[in-house]
Amino acid sequence: MLSSTRSSKAAALVAAALVAMVALAPIAADAHFTLNSPGPSRESLQYPGSNERFFPYAGGNTLRSIPDCLSMRANPNPPTVTAGTAQVVGFEIGNGAHHVGPCTAELIDPATGASTPLGSEANCVSLRQAMTVQLPPTTTCVDCVIKVSVKATHLSEANPEFYSSCLDVKVTGGAGAAPAAPSRNVLDTPAPVPENPVPAPSAPVPENPAPTPPAPVPAVPTPDVPAPADAASTTTAPLPASVRGGRKNPVGKWRNRHARRRTTRNGGEN
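Throughout what follows, the structure given in this document is the object of discussion. (Residues numbered from 1 in each chain as written. Predicted model: local features only at pLDDT ≥ 70, side-chain atom pairs only at ≥ 80, totals over all residues. Heavy atoms only, no water.)

1. Observations regarding the overall build of the chain
Note the following rule: Strands are runs of DSSP state E lasting at least two residues, helices are runs of H or I lasting at least four, and both sets are numbered from the N terminus onward. Only protein chains enter the area calculation, which uses a 1.4 Å probe; residues under 20% of their type maximum are buried, those over 50% are exposed, and those in between are partly exposed. Residue contacts are counted whenever heavy atoms from the two residues lie within 4.5 Å of one another. What sets the accessible areas is the Shrake-Rupley method with a 1.4 Å probe; for residues, cover comes only from the shown protein chains.
Scanning the chain for helices and strands turns up five helices and eight strands. The order of helices and strands in the chain, counted from the N terminus, is α-β-α-β-β-β-β-α-β-β-β-α-α. With 270 residues in all, the chain has 26% of them scored as buried. Expressed as a percentage of contacts within the chain between residues at least 6 apart in sequence, the contacts between residues at least 24 apart total 69%. Surface exposure of the chain reaches about 18700 Å², of which carbon and sulfur atoms provide 59%.

Next comes the structure, spelled out in structure tokens:
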């Protein structure tokens, strides 16, 4: 009887020890964290209401179906943050798994793939469930992503789980913002033009205006006319014989008559 009682006590002790050992043993978790401020994460938009938004992308027992959060659904209305300021990003913890491990953050432009480091913290999930990042003063973008990656070492350093969460933001202001339009000098501002401008007064007309001098008449050149020949050097052309001996020439008629008289006096000789 005593032996049986001792055996029962030993079995109970062994069972209690086993329970304690199981309770103290590290258990691989299937949920960790996702970002939830200043806006919803891409995992929350990709897996709304599902625990898959907390799953690791590598190293865990159960992995999410899309490893890279940059490939998940983007937020069409991202929150606006200011360049050059400190921004707190908050975490949503799944299944109470406040795991330990380093956290790193970066600002990514999905259009170009450019990445800017935003800082790192140790045990950001287990200690504060948040992380403070420093936005660069010279980087602005309309569709950027704050990505936080966590290497969870709650099982061991040699067997970590890897998590990442992406949050869409619009970064404005800071030194990278477009310069404001320069203010215009008052002297450079043109005077407003009235709707019905008053015509300027015309110059007064004098009572006795001075007569306008006539326009000059252009000189007309005189053509060169050849001078007439000297009258003394002019020779009258002789009249034709038909005119000299005809009836219409009295001089010829007189000469013929005088010639006949001389012939008669000389006896018919010429």
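2. Some points on unusual backbone geometry
Going from Ser37 to Pro38, the amide bond is cis rather than trans, its omega being 15°. Here Pro38 lies in the loop between strand S1 (33-37) and helix H2 (42-46).

3. Section: the state of the cysteines
Formally: Criterion for a disulfide: a pair of cysteine sulfur atoms within 2.5 Å.
As enumerated under the stated definition, the model contains two disulfides in all. Each sulfur of the disulfide joining Cys141 and Cys144 lies 1.7 Å from the other. Of note, the bridge from Cys141 to Cys144 carries an S-S torsion of about -135° and is left-handed in sense.

4. A look at the sheet that holds S1
Put simply, the test is: Pairing between two strands is assigned when DSSP locates at least 2 bridges connecting them. Fitting a line to C-alpha atoms yields each axis, with helices limited to the stretch in contact; the angle taken between N-to-C directions then spans 0 to 180 degrees.
With antiparallel pairing, the three strands of this open sheet are ordered in space as S1-S3-S6. Looking at the sheet topology across the chains shown, the edges are occupied by S1 and strand S6 (130-134). Here the strands of the sheet are splayed against their neighbours by 35° on average, with no regard to which way each runs. Bridge count for S1 against strand S3 (residues 86-93) is four bridges, and the pairing is antiparallel. If you follow Leu35 over to S3, its bridge partner there is Phe91.

5. A word on the pattern of salt bridges
Worth spelling out the cut-off: One speaks of a salt bridge when a side-chain nitrogen belonging to Lys or Arg is within 4 Å of a carboxyl oxygen belonging to Asp or Glu.
Following the criterion strictly, the structure yields three salt bridges and no others. Where Arg42 meets Asp168, a salt bridge forms, and the shortest distance between an N and an O atom there is 2.8 Å. Residue Arg42 is located in helix H2, and its partner Asp168 is located in strand S8 (residues 161-172); the two are separated by 126 residues in the primary sequence. Look at Asp168 and you get buried, because its relative accessible area is 5%. Ionic pairing is found between Glu92 and Arg53, a salt bridge with its closest N-O pair at 3.0 Å. Taken together, the positions of Glu92 in strand S3 and Arg53 in the loop between H2 and strand S2 (80-82) put the pair 39 residues apart, joining distant regions of the chain. When its relative accessible area of 26% is taken as the criterion, Glu92 is described as partly exposed.

6. Comments concerning the sheet that holds S2
In spatial order, the strands read S2-S8-S7-S4-S5; together these five strands make up an open sheet with mixed pairing. Two strands in the sheet have a free side with no partner beyond their single neighbour: S2 and strand S5 (114-122). Within this sheet the neighbouring strands show an average axis-to-axis angle of 35°, counted without direction. The pairing of strand S4 (residues 102-109) with strand S7 (residues 141-152) spans six bridges and is classified as antiparallel.

7. Here's the deal with the packing of aromatic side chains
Worth spelling out the cut-off: In summary, the pairing rule links any two rings of Phe, Tyr or Trp, Trp by its six-membered ring, whose centres are within 6.5 Å, and it sorts them by plane angle into stacked for under 30 degrees, edge-to-face for over 60 and tilted for everything else.
Overall, the coordinates contain two aromatic pairs when judged by the stated rule. Ring geometry for Tyr57 against Phe162: centres 6.4 Å apart, planes inclined by 40°, an arrangement best described as tilted. On the criterion of sequence distance, the pair formed by Tyr57 in the loop between H2 and S2 and Phe162 in strand S8 is long-range, its members being 105 residues apart. Residue Tyr57 is classed as partly exposed on the basis of its relative accessible area of 31%. Assessed through its relative accessible area of 28%, Phe162 is described here as partly exposed.

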